[in-house]
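Residue-level listing of the chains:
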Amino acid sequence: MGLSYNVYLNSHRIYGCKNCKTHLANHDDILSRNFRGQHGKAYLFNSVVNFDQGEAGERNMTTGRHVVRDISCKQCKETVGWKYDKAFEPTEKYKEGKFILEAELLCTVT
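Remember, predicted model here, so these are calculated numbers, not experimental data. (Residues numbered from 1 in each chain as written. Predicted model: local features only at pLDDT ≥ 70, side-chain atom pairs only at ≥ 80, totals over all residues. Heavy atoms only, no water.)

(A) Up close: the overall build of the chain. In terms of helices and strands, the chain carries zero helices and ten strands. The C-alpha atoms of the chain give 14 Å as radius of gyration, which agrees with the globular expectation for 110 residues (13 Å, within 12%). Principal axes of the C-alpha set define a box for the chain whose edges measure 35 × 35 × 20 Å. A burial count over the chain gives 41% of its 110 residues as buried. Accessible surface computed for the chain: about 6600 Å², of which carbon and sulfur atoms make up 45%. (Helix = DSSP H or I, 4+ residues; strand = E, 2+ residues; numbered from the N terminus. Rg over C-alpha atoms; globule rule 2.2 N^0.38 Å. Buried < 20%, exposed > 50% of the residue type's maximum accessible area, 1.4 Å probe, protein only. Areas by Shrake-Rupley, 256 points an atom, 1.4 Å probe, with all protein chains shown as cover.)

(B) The arrangement of the sheet that holds strand β2 (residues 23-26) in detail. Read from one edge to the other, the open sheet built from three strands follows the order β2-β1-β10, with strand pairing classed as antiparallel. The open sheet terminates on both sides in strands that have one partner only, identified here as β2 and β10 (106-109). Shown here is a sheet whose adjacent strand axes are inclined to one another by a mean of 40°, direction ignored. Pairing of strand β1 (residues 14-17) with β2, which is carried by three bridges, proceeds in the antiparallel orientation. Residue pairing in the sheet places Tyr15 in a bridge with Ala25 of β2. (Pairing = 2+ DSSP bridges. Axes fitted to C-alpha atoms, helices over the stretch in contact; angles between N-to-C directions.)

(C) Molecular detail of the pattern of salt bridges. Counting across every chain of the model gives seven salt bridges. Linking Glu58 and Arg65 is a salt bridge whose minimum nitrogen-to-oxygen distance equals 3.3 Å. Residue class for Glu58 comes out exposed when judged on its relative accessible area of 52%. (Salt bridge = Lys/Arg side-chain N within 4 Å of Asp/Glu carboxyl O.)

(D) Looking closely at the nonpolar core. Judged by nonpolar contacts, the single largest core of 14 residues is most densely connected at Tyr15, Leu24, Tyr43, Phe45, Val48, Leu101 and Leu106. Sorting the residues of this core by element identifies β1, β2, β4 (40-45), β7 (64-73) and β9 (99-102) as the ones contributing at least two each. If you look at the next biggest cluster of nonpolar residues, it comprises seven residues, including Phe35, Ala42, Trp82 and Ile100. (Core = buried A, V, L, I, M, F, W, Y, C linked by side-chain atoms within 4.5 Å.)

Structure (structure tokens):
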């Protein structure tokens, strides 16, 4: 296995891991701010960088049953949210392939 390099985002507002400041997402990739996680407020993102993902598992959530996997910061391994792999409800299909990042676990990187 070779070296793993971080992706550095270039944007007016970048969200990073609160623990180590590694770039995770661009503010312009937020699809919705109307989500809740274990730590409170959470955002739905179209894309996220510099993350590792866990095993997929089925979870019953507020909006129904989903197959999701936890995502963690590639640098410090801190869990920062989850990725939606599959939604069983037709009205929730828009979440498939998208990411949730919890606001409490993020910081703004300048």
